[in-house]
Every structure is written in C-alpha cells, then in structure tokens.
Amino acid sequence: MKLEVPVNHCVLGIESSCDETSAAIIANGKLESVVVSSQFFHNSFGGVVPELASRAHLRAIVPIVDEALRQAGRSLSSIEAIAVTNTPGLMGSLLVGLNYAKGLSSALGLPLIGIHHIEAHIFSALLEENRPELPFIALVVSGGHTLLVLVKDVGDYELLGETLDDAAGEAFDKVGKMLGLGYPAGPAIDKLAASGNASFVQFPRAMMSEEHYDFSFSGIKTSVLYWLKKHPELPHDDIPHIAASFQRAVVDVLVSKTLRAATEKGMTDIVVVGGVSANSELRERFKSDAKSRKLRFFTPRPLYSTDNAAMIAMLGALKLDRDVTHDLGLRAEPRHPIAYRT
Ligand code: KG4
Ligand code: ZN
C-alpha cells in the first residue's frame, strides 16, 4: 500500500530529546527547512552530560525555530500545527522542546502533536523521493536503540526484536572510546574502517544464527576490550584493522537478521534508519544483499538519519492527517515502548 505524504498541512517540528536542537517545517508535502544544532562540547566528557544538554537546548531553541521559519520564508501565522518529540529521551532535554511547543501551541491556538522519537526515525524514510510501501520491515539503529519493527501502518507496529543490552550506536561509541576516537565515535570508526582489514580479528557475531530477532552488542564490545588488553603494544597502523573488524561484525549481524525477518515475514521493503544507518559499510551491504534477494532497501540521507526535526514534522503531518493531536497535558516520558497502536 502506498504511504502518501499529506499535501494539505503545514507543520512545525521540534526535536530536543538528546544532544541535538532542531526545528523543521513541512508544508504541502515538502520539506521547506530543517535546522540542526549539535552540542559538540559533550565530546570532551566522552558522552552526553544531561544537565549541560538541557541548558544548551534552552539557549538554542528560540533561534533554531526562528531560523527554520526564516529559511522556509514563513511566519508563525502560517503554521497549522506543532509536532514535538515527547518521548523517549533525556527528561531535561525533552522538557525544553515540549514546553516551548506547548507555549507556541497555547499562544497561537494551534494543535499540539506529541511524537515518539523512534517512530519518527522510521518515517524519516519518507523524506526522500523514493519511498517504501506499507507494510515494511524497519531496522532502527541509533545511539540509544536497536530494534526491528514490522510497520503495518502509521501507529500500527509489531516489535519483532530489540537489543537485550547495548544499542548498536552505543557499541560504536564505546569501542571508539577504547580506540581514543572521541564521542560520538560512529563516524570516526566508519572512516577508519575504510582503510582497514576487516578479517584482522574475528570478533563474535552474537545471536546471529538464533531464530529470534533480538540483538546483543555488549559481548563484542567486551571482546574488543579484551583483545586490546592482550595486545598493549598495538601499532598505531593497526587501529583501522580493529575498527574494520569490529564494524564488519556489527554489520554482519544487523544485515543478516533484518534480511531474514523480511523473508520470514513476507516483506519486500526494508527501511534502515537512525544514526548508525549513516554507516557506509552498512548501507553498501544492505544495498547489495537486498538486491540479490530481490528486496527493496530504503534509507534516508545521513542528515535525516541522525537526530533531526524533519522526521518529527513528517510524522506530525501524518498524525495530523489521521486526526491524532494532544492537549497541553502531554507529558515528557524518558522511556516509552513503540509497540502500541495509536
Ligand atoms: O539517531 P542518533 O543521531 O541519536 C540517537 O537517537 O541516539 O544516533 C546517534 C548514534 C551514535 O551512537 C553515533 O556514533 C552513531 O549514531 N553514528 C554512526 C555513524 N554516524 C552516527 N555509527 C556508525 N557509523 C556512522 N557513520
Ligand atoms: Zn535518534
């Protein structure tokens, strides 16, 4: 079934769930603007510091929304609804975007639409011209989540599997830290791996052949740690080989489980989203392996894969079209499952 992007709505999307402050406008089915401000200062702490994140959101939210309006050539009076991430995420960070959205909604008398961040990642695939058709299999791979979902419709999902411990992005970040690559380390590992030998070390592919669709990435992280401890004199030139070997193991598991889920569930369309879907080897492998099995593979460009408000505005327009709106009592929820029907 074709999933149409509604062409009759003008939605402002706001995202502040972690360390990106972002605003975007979708009007007449088209993305008119998206502005993303990333908090790079967390880099020196080796991870996101929640208190600093929410303060930075507070400073950024007004200019970021203003800039999104400016780039779209619009004023607030032409906005029809405000979509905002209210779950999951860091409480203090979520509250900044949500309270700002509530203020706008109340002052302008506009509908408020609370958005589930992971659900929005799934529909980021619609930001590209080449769009999947319902039902499809979605692999969501980010810093906080790794899950495999059967998407039947907007708001109708079956959770097939998820990570039982670390998210795939978390494993990239932790292994990157061991290799001295800063935070977040996914892009740096991606770059280093391109010049490395992926057969240098055979790291474990946890749960790859098991029947269920769950994942586990803490074992591979520990294996890298033990391997590095056993080889304290590792020549600097071998670091790309470790990055490539680690990345190959993660990619093998993600690709094999997702393709098996698609085949077993009789799906032809596969959507891969979330920050880790920006990984070049993951994209290439999905592209070639899906093609050889006559499956179709969709992934948004990297700007729409990592956290952004374009996906929030997109899902907002889809929800508005289905008359899903919320009142000012909408709460921020640090955790909330996706497998529910709205
Ligand atoms: O979706 P996202 O921007 O934020 C969350 O919702 O978590 O994902 C961030 C994660 C980080 O763990 C980061 O290291 C990872 O995505 N990431 C990558 C790449 N770009 C970002 N991982 C592997 N390869 C990349 N090119
Ligand atoms: Zn995300």
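Residues numbered from 1 in each chain as written. Chains lettered and ligands numbered in written order. Predicted model: local features only at pLDDT ≥ 70, side-chain atom pairs only at ≥ 80, totals over all residues. Heavy atoms only, no water.

Can you walk me through the overall build of the protein in this structure?
When helices and strands are counted, the protein shows 10 helices and 10 strands. A compact globule built from 342 residues would reach a C-alpha radius of gyration of about 20 Å, and the protein, at 20 Å, matches this within 12%. Taken across its 342 residues, the protein has 55% of its residues classed as buried. In the protein, 75% of the contacts between residues at least 6 apart in sequence involve partners at least 24 apart. Counting only carbon and sulfur atoms, one obtains 52% of the accessible surface of the protein, whose full area is about 14,500 Å². (Helix = DSSP H or I, 4+ residues; strand = E, 2+ residues; numbered from the N terminus. Rg over C-alpha atoms; globule rule 2.2 N^0.38 Å. Buried < 20%, exposed > 50% of the residue type's maximum accessible area, 1.4 Å probe, protein only. Contact = heavy atoms within 4.5 Å. Areas by Shrake-Rupley, 256 points an atom, 1.4 Å probe, with all protein chains shown as cover.)

Could you clarify how one ought to interpret the nonpolar core in this entry?
Across soluble globular proteins, nonpolar side chains show a tendency to be buried alongside one another. One finds Phe203, Phe246, Leu254, Leu282 and Phe286 to be the most contacted residues of the largest nonpolar core, which totals 46 residues. Elements supplying a minimum of two residues to this core: strand S6 (136–141), strand S7 (146–153), helix H4 (168–178), helix H5 (186–193), helix H6 (218–230), helix H7 (239–264), strand S9 (269–273) and helix H8 (280–292). The residues contacting Leu254, other than those within four sequence positions of it, are Leu139, Val141, Thr146, Ala168, Phe215, Phe217, Leu282 and Phe286. Ile113, Leu134, Val271 and Ile312 belong to the second-largest nonpolar core, a separate cluster that totals 41 residues. (Core = buried A, V, L, I, M, F, W, Y, C linked by side-chain atoms within 4.5 Å.)

Where do I start with the pattern of salt bridges in this structure?
Opposite charge on two side chains makes pairing possible when the charged atoms of those side chains draw close. This model, assessed by the stated rule, comprises 16 salt bridges. Linking Glu128 and Arg301 is a salt bridge whose minimum nitrogen-to-oxygen distance equals 2.8 Å. Of this pair, Glu128 sits in the loop between helix H3 (117–123) and S6 while Arg301 sits in the loop between strand S10 (296–298) and helix H9 (302–305), placing them 173 residues apart in sequence. A relative accessible area of 40% means that Arg301 is categorised as partly exposed. (Salt bridge = Lys/Arg side-chain N within 4 Å of Asp/Glu carboxyl O.)

Help me out: how do you make sense of the site of ligand 1 in this one?
By nearness alone, 19 residues border ligand 1, and Gly143, Asp173, Asp190, Gly275 and Asp307 come closest of all. At 3.2 Å from an oxygen atom of ligand 1 is found a main-chain nitrogen or oxygen belonging to Gly169. At a separation of 3.1 Å, an oxygen atom of ligand 1 approaches a polar backbone atom of Gly186. Expressed as a share of its isolated accessible area of 560 Å², the protein-covered part of ligand 1 is 89%. Of all elements in the fold, only H3, H4 and H5 reach the threshold of two or more residues within the shell around ligand 1. (Near = heavy atom within 4 Å. Polar contact = N/O pair within 3.5 Å; in protein donor to acceptor, adjacent residues only side chain to side chain.)

So what exactly am I meant to see when it comes to the coordination of the zinc ion (ligand 2) here?
Metal coordination angles have textbook ideals: 109.5 degrees for a tetrahedral set of four donors and 90 or 180 degrees for an octahedral set of six. Distances from the zinc ion (ligand 2) to its protein donors, His117 (NE2), His121 (NE2) and Asp307 (OD), fall at 2.0 to 2.1 Å. Relative to the metal, the 4 donor atoms surrounding the zinc ion (ligand 2) lie at angles of 92 to 147°, and the coordination shape comes out irregular. Mapped onto the sequence, the donors of the zinc ion (ligand 2) take the spacing H-x3-H-x185-D. With His117 and His121 both in helix H3 and 4 residues apart, the pair spans about one turn of that helix. For the pair formed by His117 and His121, the shared burial category is buried. (Donors = N, O, S within 2.8 Å, 3.2 Å for Na, K, Ca; no water. Tetrahedral: all angles 85-135°; square planar, octahedral: opposite > 155°, others 65-115°.)

Help me out: how do you make sense of the environment of Leu160 in this one?
Position of Leu160 relative to the elements: it lies in strand S8 (residues 156–162). For Leu160, a relative accessible area of 14% translates into the label buried. In this view, Leu160 contacts Ile137, Leu148, Val149, Leu150, Tyr213, Ala261 and Lys265; residues no more than four positions away in its chain are not counted.

Help me out: how do you make sense of H7 in this one?
Because each turn of an α-helix spans 3.6 residues, side chains separated by three or four positions end up pointing in the same direction. Taking 1.5 Å per residue as the helical rise, H7 with its 26 residues ought to reach 38 Å, and the 38 Å between its terminal C-alpha atoms agrees with that figure. The first or second residue beyond H7 is Gly266, which carries a positive phi of 70°. (Expected span 1.5 Å × (residues − 1).)

What's the story with the sheet that holds S9 in this structure? I'm lost.
Across a sheet, strands are paired by hydrogen bonds formed along the backbone, either parallel or antiparallel in direction. Spatially, 5 strands are ordered S8-S7-S6-S9-S10 in an open sheet, and the strand pairing comes out mixed. If you trace the sheet from one side to the other, it starts and ends with S8 and S10, each paired once. When the angles between neighbouring strand axes are averaged without regard to direction, this sheet yields 25°. In terms of strand pairing, S6 meets S7 through 6 bridges, oriented antiparallel. (Pairing = 2+ DSSP bridges. Axes fitted to C-alpha atoms, helices over the stretch in contact; angles between N-to-C directions.)

Help me understand the domain arrangement of the protein, please; the structure alone is not making it clear to me.
How large an interface is tends to be reported as the accessible area lost when its parts come together. According to the domain assignment, the protein contains domain 1 (10–123 + 305–321) and domain 2 (133–299). When each unit is reduced to the centre of its C-alpha atoms, the spacing between domain 1 and domain 2 is 27 Å. Listed by partner, the interface residues are 16 residues for domain 1 and 21 residues for domain 2. Here domain 1 packs against domain 2, burying approximately 1,300 Å² in sum over the two surfaces, 72% of which is carbon and sulfur. By the criterion of area lost to domain 2, the three top residues of domain 1 are Ile118, Ile122 and Ser305, representing 39% of everything that side buries. Seen at the junction of domain 1 and domain 2, the total is 0 salt bridges. Here domain 1 is connected to domain 2 by 4 residue pairs in polar contact (both at pLDDT 80 or more). Elements that contribute at least two residues to the side of domain 1 that touches domain 2 include exactly H3 and helix H10 (310–321). Counting residues per element, the side of domain 1 that touches domain 2 draws most heavily on H3, at 5 residues. A breakdown of the residues in the side of domain 1 that touches domain 2 according to their chemical character gives 7 nonpolar, 6 polar and 3 charged. (Domains from an automatic or database assignment. Buried area = accessible area lost by both parts, 1.4 Å probe. Nonpolar A, V, L, I, M, F, W, Y, C, P; charged D, E, K, R; others polar.)

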